[in-house]
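One letter stands for each residue in the lines below.
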Amino acid sequence: MPTPRVVLLTKANCHLCEEARAAVGRVTAALGLGWSEELVDNQPDLRERYAEEIPVVLVDGVQRDFWKIDEARLERVLQRAMAR
């Protein structure tokens, strides 16, 4: 079973980012997956690309959600990725 790579893009002083961390943490923990976080503050390319959408969830490099993370949708995306 493949393990999808889950990355949460965040920035400093972002209340939505805190909520997104909790949501991603709940979903990945329930599925037995890990995840990582990348701050865009010191990464000009990411900051420019996702400026108005932070926080952003990437699954295997593809943007899957932003702002308010939909846990049910993220779970479906991850289950599909694991079934490949």
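Refer to the preceding data block for the structure.
This text gives an overview of the structure that appears in the document.

Definitions and cut-offs
Residues numbered from 1 in each chain as written. Predicted model: local features only at pLDDT ≥ 70, side-chain atom pairs only at ≥ 80, totals over all residues. Heavy atoms only, no water. Helix = DSSP H or I, 4+ residues; strand = E, 2+ residues; numbered from the N terminus. Polar contact = N/O pair within 3.5 Å; in protein donor to acceptor, adjacent residues only side chain to side chain. Contact = heavy atoms within 4.5 Å. Pairing = 2+ DSSP bridges. Axes fitted to C-alpha atoms, helices over the stretch in contact; angles between N-to-C directions. Core = buried A, V, L, I, M, F, W, Y, C linked by side-chain atoms within 4.5 Å. Buried < 20%, exposed > 50% of the residue type's maximum accessible area, 1.4 Å probe, protein only.

Some words on the side chain of Thr-28
Here is step 1 of the chain: Looking at the secondary structure, you find Thr-28 in helix α1 (residues 15-31).
Here is step 2 of the chain: Within the structure, Thr-28 has its side chain in polar contact with the backbone oxygen of Val-24 (distance 2.8 Å).
Here is step 3 of the chain: Within the local environment of Thr-28, its side chain forms a polar contact with the backbone oxygen of Gly-25, the two atoms lying 3.4 Å apart.
Here is step 4 of the chain: Thr-28 has contacts with Val-6, Leu-33, Gly-34, Trp-35 and Leu-78, leaving out every residue within four places of it along the chain.

Overview of the sheet that holds strand β3 (residues 56-59)
Here is step 1 of the chain: With mixed pairing, 4 strands are arranged side by side in an open sheet as β2-β1-β3-β4. The open sheet terminates on both sides in strands that have one partner only, identified here as β2 (36-39) and β4 (62-66). Within the sheet, the average angular offset between the axes of one strand and its neighbour, ignoring direction, is 30°.
Here is step 2 of the chain: Bridge count between β3 and β4: 4 bridges; the pairing is antiparallel. The residue bridging Val-56 from the neighbouring strand is Phe-66, located in β4.
Here is step 3 of the chain: Packing against the sheet, α1 makes contact with β1 (6-10), β2 and β3, and its axis sits at approximately 170° to β1.
Here is step 4 of the chain: Sheet strands touched by helix α3 (residues 71-83): β1, β3 and β4. Its angle to β3, the strand with the most contacts, is close to 15°.

Topic: the nonpolar core
Here is step 1 of the chain: Residues Val-24, Val-57, Val-59, Ile-69, Leu-74 and Leu-78 are the most contacted members of the largest nonpolar core, which totals 14 residues.
Here is step 2 of the chain: For this core, the secondary structure elements donating two or more residues are β1, α1, β3 and α3.
Here is step 3 of the chain: Excluding anything up to four places from it in sequence, Leu-74 contacts Val-24, Val-27, Val-57, Val-59 and Ile-69.
Here is step 4 of the chain: Leu-9, Cys-14, Leu-46 and Tyr-50 belong to the second-largest nonpolar core, a separate cluster that totals 10 residues.

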